[in-house]
Amino acid sequence: NSQDVFRQLDMVGVTYLEGYAQFPDTGETDHLTVTREDGSEQTISAEKILLATGSRPFHPSNIPFDDRRVFDSDSINGLKFLPKSIAITGSGIIAVEYAKIFRNLGADVTLIIRD
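Residues numbered from 1 in each chain as written. Predicted model: local features only at pLDDT ≥ 70, side-chain atom pairs only at ≥ 80, totals over all residues. Heavy atoms only, no water.

**A word on the sheet that holds strand β3 (residues 41–45)**
With antiparallel pairing, the three strands of this open sheet are ordered in space as β1-β2-β3. Looking at strand neighbours, the two that pair on one side only are β1 (20–22) and β3, the edges of this open sheet. Along the sheet, successive strands turn relative to each other by an average axial angle of 25 degrees, direction set aside. One ladder, built from three bridges, connects β1 with strand β2 (residues 31–35); its direction is antiparallel. Residue pairing in the sheet places Ala-21 in a bridge with Val-34 of β2. (Pairing = 2+ DSSP bridges. Helix = DSSP H or I, 4+ residues; strand = E, 2+ residues; numbered from the N terminus. Axes fitted to C-alpha atoms, helices over the stretch in contact; angles between N-to-C directions.)

**Comments concerning the pairing of strand β5 (residues 108–112)**
In summary, the side chains of a regular strand alternate between the two faces of the sheet. The pairing of strand β4 (residues 85–89) with β5 spans five bridges and is classified as parallel. Residue Ile-88 lies in a different strand from β5, and its bridge partner there is Leu-111. In the classification by handedness, the crossover that spans β4, the intervening helix α2 (residues 93–104) and the parallel β5 is right-handed. (Right-handed = clockwise from strand over helix to strand, strands pointing away.)

**With respect to the confidence of the model for the chain**
If pLDDT is low for a region, its predicted coordinates should not be looked at in detail. On average, residues of the chain score 87 in pLDDT, and 97% of them reach the 70 mark or higher. Per-residue pLDDT, averaged within each element of the chain, yields its smallest value for helix α1 (residues 2–11) (78) and its largest for β4 (93). (pLDDT = per-residue confidence, 0-100.)

**Brief notes about the pattern of salt bridges**
Scanning the entire structure with this criterion turns up one salt bridge. Measuring nitrogen to oxygen at the nearest pair gives 3.0 Å for the salt bridge that ties Lys-100 to Glu-97. With Lys-100 and Glu-97 both in helix α2, this residue pair falls three residues apart, about one helical turn. Of the residues examined, Glu-97 reaches a relative accessible area of 31% and is grouped as partly exposed. (Salt bridge = Lys/Arg side-chain N within 4 Å of Asp/Glu carboxyl O. Buried < 20%, exposed > 50% of the residue type's maximum accessible area, 1.4 Å probe, protein only.)

**Brief notes about the environment of Asp-10**
Counting through the fold element by element, Asp-10 comes out in helix α1. Each C-alpha atom of the pair Asp-10 and Thr-43 lies 20 Å from the other, and the pair is 33 residues apart in sequence.

**Remarks on a nonpolar patch on the surface**
A cluster of nonpolar residues, Ile-93, Ile-94, Val-96, Leu-111 and Ile-113, forms a patch on the protein surface that exposes about 420 Å² of accessible area. Ranked by residues supplied to the nonpolar patch, first place goes to α2 with three residues. As for its placement among the helices and strands, Ile-94 is situated in helix α2. Judged by its relative accessible area of 47%, Ile-94 falls in the partly exposed class. (Patch = residues over 30% accessible without salt bridge, like charges linked within 9 Å, V, L, I, M, F, W, Y side chains within 5 Å. Areas by Shrake-Rupley, 256 points an atom, 1.4 Å probe, with all protein chains shown as cover.)

What follows is the structure, given as structure tokens:
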């Protein structure tokens, strides 16, 4: 849950801001402004900025996502048990992270990568 995420971030010393971020109109990319829900703003400077926008899993119509045997990267979090084996398809960071998580928990993992 989200409280656990906040706890984990706090434990490792990550600064967390909730709001909408935007680069300045000048085109500079070494800082951005975060606008919070209450309208207050804070400018953040960083050597590197990663845009992790959060996306929704893609559901092709020919794949039977049933949340029993076929999951996406969101619904897999609802598993009530650890599977003995799991096949994961995808070559992005989410697929790789899930492969590492399930393997570290003891499942036999096959990662299927399409290049």
